[in-house]
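Notes for the structure review
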Amino acid sequence: MDARADKTLRITTPSDFEIAMTRQFDAPRRLVFDAMTRPEYVVRWLGCDAFAMPVCEIDLRVGGTYRFVFRSADGIEHVLTGTYREVVRPERVVFGETISMPGFTSDEYLVTSTLVEAGGRTTLTTTIKHPTKEARDGHLSSGIEQGVAPAYDRLADVVAGMG
């Protein structure tokens, strides 16, 4: 497969409530899983370039929580929080998530990430299930691709440095 294909993020809507994001990484899934779940790696790729990430707390166990704080240059904070519902290292992680920012707090949505390895390459599929079609559509129209695609590029760079 052409290495450029690895950088292709596919976003689909498998149901009226779901957004699915799929991308391949040229690395074993254990490395991708660790990069997605260990704070020392997460701070290097999650979010967008315009925001610092001063808080990255992860208690990776069923019932454990996480809290990510993103801060813009003018001090505005966006906070992601959630609780882990399923952790199967290195193949799957499921958690509820809420985003809060000035003037807006989302309803909780369910995030399921599955990692499938074949030939030393990992396909990551992350499905976000919203409680309503309107919430899903709002998330889709927020520019999700412009945020996730560069974050996954940074994730690929982090994983490449782990091997």
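Description of the structure in this document.

Criteria and cut-off values
- Numbering of residues starts from 1 in each chain and follows the order in which that chain's sequence is written.
- Whole-chain, interface and lining totals are the exception, using all residues; otherwise, since this is a predicted model, local features are given only for residues with pLDDT of at least 70 and side-chain atom pairs are given and counted only at 80 or more.
- The side-chain values count all of the structure's non-hydrogen atoms but skip hydrogen atoms and water molecules.
- Only runs of H or I of at least four residues qualify as helices and only runs of E of at least two qualify as strands under DSSP, and these elements are numbered from the N terminus.
- Each radius of gyration is computed over the set of C-alpha atoms, and the globule rule expresses the reference value as 2.2 Å times the number of residues to the power 0.38.
- Here, residues are in contact when the closest pair of their heavy atoms is within 4.5 Å.
- Two strands pair under a simple rule: DSSP has to find at least two bridges between them.
- Stacked, tilted and edge-to-face pairs are distinguished by plane angle, under 30 degrees for stacked and over 60 for edge-to-face with tilted covering the rest, among Phe, Tyr and Trp rings (Trp via its six-membered ring) whose centres lie within 6.5 Å.
- For this analysis, a salt bridge means a side-chain nitrogen from Lys or Arg found within 4 Å of a carboxyl oxygen belonging to Asp or Glu.
- Each residue's exposure class comes from its accessible area (1.4 Å probe, protein chains only) as a fraction of the maximum for that residue type: buried when under 20%, exposed when over 50%, partly exposed otherwise.
- In this text, buried Ala, Val, Leu, Ile, Met, Phe, Trp, Tyr and Cys residues form a nonpolar core when linked through side-chain atoms within 4.5 Å.

**What to know about the overall build of the protein chain**
Secondary structure summary: the protein chain contains 4 helices and 9 strands in total. Along its sequence from the N terminus, the protein chain presents helices and strands in the succession β-β-α-α-β-β-β-β-β-β-β-α-α. Here the protein chain has a C-alpha radius of gyration of 15 Å; the compact-globule value for 163 residues is 15 Å, and the two agree. Its C-alpha atoms put the protein chain at 45 × 35 × 30 Å along the principal axes. When contacts within the protein chain are restricted to residue pairs at least 6 apart in sequence, long-range pairs at least 24 apart make up 45% of them.

**Digging into unusual backbone geometry**
That bond from Arg89 to Pro90 is cis: its omega, -5 degrees, falls within 30 degrees of zero. Counting through the fold element by element, Pro90 comes out in the loop between strand S5 (77-88) and strand S6 (92-101).

**Here's the deal with the pairing of S6**
Relative to S6, S5 runs antiparallel, the two sharing 9 bridges. Residue Val88 lies in a different strand from S6, and its bridge partner there is Arg92. If you look at the hairpin formed by S5 and S6, you'll find 3 residues sitting between the two strands. As paired strands, S6 and strand S8 (residues 109-118) are joined by 6 bridges and run antiparallel to one another. Note on S8: the bridge partner recorded for Arg92 is Thr114. Sheet analysis places S6 next to strand S7 (residues 104-105), joined by 2 bridges and oriented antiparallel. Residue pairing for S7: Met101 is matched across the bridge by Phe104.

**A word on the packing of aromatic side chains**
Within this structure, the stated rule accounts for 6 aromatic pairs. Counting every residue linked through ring pairs, the aromatic cluster contains Tyr66, Phe68, Tyr84 and Phe95.

**What about the side chain of Thr98?**
Summarising the element assignment, Thr98 is placed in strand S6. If we skip the residues at most four places from it in the chain, Thr98 touches Val79, Leu80, Thr81, Thr105, Ser106 and Glu108.

**Topic: the pattern of salt bridges**
For the structure shown, the criterion picks out 13 salt bridges. A salt bridge links Asp34 to Arg38, with the shortest nitrogen-to-oxygen separation between them at 3.9 Å. Put simply, Arg71 and Glu77 hold a salt bridge, and the shortest N to O gap is 2.4 Å. Since its relative accessible area comes to 33%, Arg71 is described here as partly exposed.

**Considerations on the nonpolar core**
Proteins that are soluble and globular tend to have nonpolar side chains buried together. Residues Met21, Trp45, Phe68, Tyr152, Leu155 and Val159 are the most contacted members of the largest nonpolar core, which totals 35 residues. Not counting chain neighbours up to four residues away, the residues in contact with Trp45 comprise Ala35, Met36, Ala151, Tyr152, Arg154, Leu155 and Val158.

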